[in-house]
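Tertiary structure, described
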Amino acid sequence: MAERPEDLNLPNSIVARIIKESLPEGVNVSKEARTAIAKAASVFVLYCTSCSNNLAMKANRKIISGQDVLGAMTDMEFERFVEPLQASLEVYKKAQKERKEAIAKRKQEKSDKKPEDIEEGSDEGGENENDDEEVDDCS
C-alpha cells in the first residue's frame, strides 16, 4: 500500500500525453486543469479497483479479473463503457495469446536448432573424436 496519498496519483507525464492525444490540435490545457484531471483519474482508478475487489471478494477470490472490472463499471453506473471495455479486453487477450504462441514457437525453433549446431560443431575445427569422454585436468 502507498505510504503517502501522492504516491497514488498517476504520473503527470502519462496524463498529459493522454490529454494531448484525446484533444484536437491547437487546444491547450492549463497546468491546473492537467493536475485536476490527473487527481480525478487517480480517484476513479482507486474507486474502480475498490469496487472490483469487492466483487472478487464476494466470489471468494483474491485476484481481481477483467470481469470484476466490467462488473464494477456497471455497479458504478458506467454501463456505457462496459461494451467498449469488453472489446478492448478481448483484443488484449488475443494479443497476449499470440505473443505467448510466438514466444513458444521461437523457443521450440531454438531447441530444434541446438542439437544440429552441436553435431555440426563437433565435426569442425579438428576436435577429438572422443569428445564424450571425461578428461581429468587435475594431474
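Residues take numbers from 1 onward in each chain, read along the sequence in its written order. In keeping with the predicted nature of the model, local features appear solely for residues at pLDDT of at least 70, side-chain atom pairs appear and are counted solely at 80 or more, and the whole-chain, interface and lining totals rest on all residues. Side-chain measures were taken over the full set of non-hydrogen atoms in the model, leaving aside hydrogen atoms and water.

If you look the protein up in an unreviewed UniProt entry, it shows as DNA polymerase epsilon subunit 3 from Daphnia galeata. Comment text from UniProt for the protein, heading Subcellular location (unreviewed entry), reads "Nucleus". UniProt positions are given in the numbering used here, feature names are shortened, and annotations may be inferred rather than shown by experiment.

**Points about the overall build of the protein**
From N to C terminus, the protein includes 4 helices and 0 strands. The helix and strand labels rest on DSSP assignments: H or I over at least four residues marks a helix, E over at least two residues marks a strand, and numbering proceeds from the N terminus. Ordered by position from N to C terminus, the α and β elements of the protein give α-α-α-α. Any residue under 20% of the maximum accessible area for its type is buried, any over 50% is exposed, and the rest in between are partly exposed; the area is computed with a 1.4 Å probe on protein chains only. Per-residue burial over the protein gives 10% buried out of 139 residues. What makes two residues a contact is simply this: any of their non-hydrogen atoms within 4.5 Å. Once local pairs closer than 6 in sequence are excluded, the contacts in the protein between residues at least 24 apart make up 27%.

**Here's the deal with the side chain of Ser42**
Along the chain, the position of Ser42 falls in helix 2 (residues 31-58). Those residues in contact with Ser42 that lie beyond four places of it in its chain are Leu8, Asn9 and Leu10.

**Thoughts on the packing of aromatic side chains**
To describe a pair of aromatic rings, one takes the distance between the centres and the angle between the planes. Aromatic contacts are taken between Phe, Tyr and Trp rings whose centres are within 6.5 Å, Trp giving its six-membered ring; a plane angle under 30 degrees counts as stacked, one over 60 as edge-to-face, and the others as tilted. For the structure shown, the criterion picks out 2 aromatic pairs. Centre to centre, the rings of Phe44 and Phe78 are 5.5 Å apart; their planes meet at 90 degrees, and the pair counts as edge-to-face. With Phe44 in helix 2 and Phe78 in the loop between helix 3 (66-75) and helix 4 (82-123), this residue pair connects regions lying 34 residues apart in the sequence. The class for Phe78 is partly exposed, based on a relative accessible area of 29%. Ring geometry for Phe78 against Phe81: centres 5.9 Å apart, planes inclined by 45 degrees, an arrangement best described as tilted. The partly exposed category is assigned to Phe81, whose relative accessible area is 33%.

**A closer look at the state of the cysteines**
By convention in this document, the label disulfide applies to cysteine sulfur atom pairs within 2.5 Å. Within this structure, the stated rule accounts for 0 disulfides. Cysteine Cys48 remains unbridged, with the sulfur of Cys51 as its closest cysteine sulfur at 6.9 Å. When its relative accessible area of 8% is taken as the criterion, Cys48 is described as buried.

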